[in-house]
Amino acid sequence: EPNFYWASILSDASGSDARVAIFSNCDRLELFFDGKNYAALHPDRAGFPHISYPPFFVELPRNNAQRPDLRIDGYVGERLALSRMFSGDRSAGRLHLRAEDAELIADGADATWLVIGAVDKFGAPRSHVGGQITLKIEGQGQIIGDNPFDLAPGDGWGTVLVRSVAGGTGRIRIAASHPQLGHAEVDIVARDAK
């Protein structure tokens, strides 16, 4: 898990390379820019001798006009365990909408968080995104929170609650829309309180 937003590093005009951390329980990480090998990383065991899984550190170029995609491959021994992609193209974002729980008890008190934000074309989180998110709800549920709400205060992310209605069972569909990021929907099922 990187502690940086890739597209933001690329557009940072502050000058020198950025020393950033990547957190993983892998033995080795391989970084690629548009498929070309950039770096092989190992955990910083010398700097963090008392941590089971120390962070990995790398210098990344700031203000890179090429805007390459970043791929991080994680290895356990010699086996590829995980590969993640991050887009350098800030214009290719989309809206992310996820409910913490897929089911609610229809008692009028049960609720779940909706997590709403901006992701790149690979689904990796983006930052520095503003604009209004408008929510619509169908079914036996209520939105608790600002609607619409601005993404800017949360740096491109926000949450609201969806609460059940007493005795109101069935599907609850929530639709979110943003002028640049588009539209996303999620369903929650409200079940009888028995």
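See the structure above.
Residues numbered from 1 in each chain as written. Predicted model: local features only at pLDDT ≥ 70, side-chain atom pairs only at ≥ 80, totals over all residues. Heavy atoms only, no water.

Considering the nonpolar core
What tends to happen in soluble globular proteins is that the nonpolar side chains get buried as a cluster. Threshold: Only buried residues count toward a nonpolar core. Its members are Ala, Val, Leu, Ile, Met, Phe, Trp, Tyr and Cys residues joined through side-chain atoms within 4.5 Å. The buried label goes to any residue with under 20% of its type's maximum accessible area, the exposed label to any with over 50%, and the partly exposed label to all in between, with areas taken from a 1.4 Å probe on protein chains only. Numbering of helices and strands starts at the N terminus; helices are DSSP runs of H or I of at least 4 residues and strands are runs of E of at least 2. Whether two residues are in contact is decided by their heavy atoms: any pair within 4.5 Å suffices.
Residues L114, I116, I133, L135, I174 and I188 are the most contacted members of the largest nonpolar core, which totals 24 residues. Of all the secondary-structure elements, those providing two or more residues to this core are β7 (94-99), β9 (111-119), β10 (132-138), β13 (157-164), β14 (170-178) and β15 (182-191). Here this core takes four residues from β15, the largest share from any one element. Once residues within four sequence positions are removed from consideration, L135 is found in contact with I116, I143, N147, F149, V160, I174, A175 and A176.

A word on the sheet that holds β14
The condition that has to hold: Should DSSP find at least two bridges between two strands, the strands are regarded as paired.
With respect to topology, five strands assemble into an open sheet ordered β8-β15-β14-β10-β12, the strand pairing being mixed. If you trace the sheet from one side to the other, it starts and ends with β8 (103-105) and β12 (149-150), each paired once. As defined by bridge partners, β10 adjoins β14 across five bridges and the pair is classed as antiparallel. What sits directly across from L135, in β14, is A176.

What about the packing of aromatic side chains?
To be explicit about the condition: Aromatic pairing here means that ring centres of Phe, Tyr or Trp (its six-membered ring) are within 6.5 Å. Orientation follows from the plane angle: under 30 degrees is stacked, over 60 is edge-to-face, and everything else is tilted. Geometrically, a charge over a ring is one whose NZ (Lys) or CZ (Arg) sits within 6 Å of the ring centre while staying within 35 degrees of the ring normal.
Summed over the entire model, instances satisfying the criterion amount to three aromatic pairs. Geometrically, the ring pair formed by F48 and F57 is stacked, given 6.0 Å between the ring centres and 20° between the ring planes. Residue class for F48 comes out partly exposed when judged on its relative accessible area of 28%. You can call F57 partly exposed: its relative accessible area is 24%. Linked through ring pairs, W6, F33 and Y38 together constitute an aromatic cluster. Between the NZ or CZ atom of R71 and the centre of the ring of F32, over which it lies, the distance is 4.0 Å.

Quick look at the side chain of H178
Threshold: Identification of polar contacts relies on pairs of N or O atoms within 3.5 Å, with a donor-acceptor requirement for protein atoms, meaning one able to donate a hydrogen and the other able to accept it, and with residues adjacent in sequence counted only if both atoms are side-chain atoms.
Along the chain, H178 turns up in strand β14. Only 2.7 Å separates the side chain of H178 from the backbone oxygen of G130, close enough to count as a polar contact. A polar contact is formed between the side chain of H178 and the backbone nitrogen of L181, at a distance of 3.1 Å. Excluding its chain neighbours within four sequence positions, the residues that come into contact with H178 are L95, V129, G130, G131, Q132, I133 and L151.

Some details on the pairing of strand β11 (residues 141-144)
On β11, burial follows the alternation: G141 and I143 on one face are buried, whereas Q142 and I144 on the facing-out side are not. Relative to β13, β11 runs antiparallel, the two being bridged by four bridges. Bridging from a neighbouring strand, I143 pairs with V162 of β13.

Without other data, these values stay purely geometric and don't point to any function.
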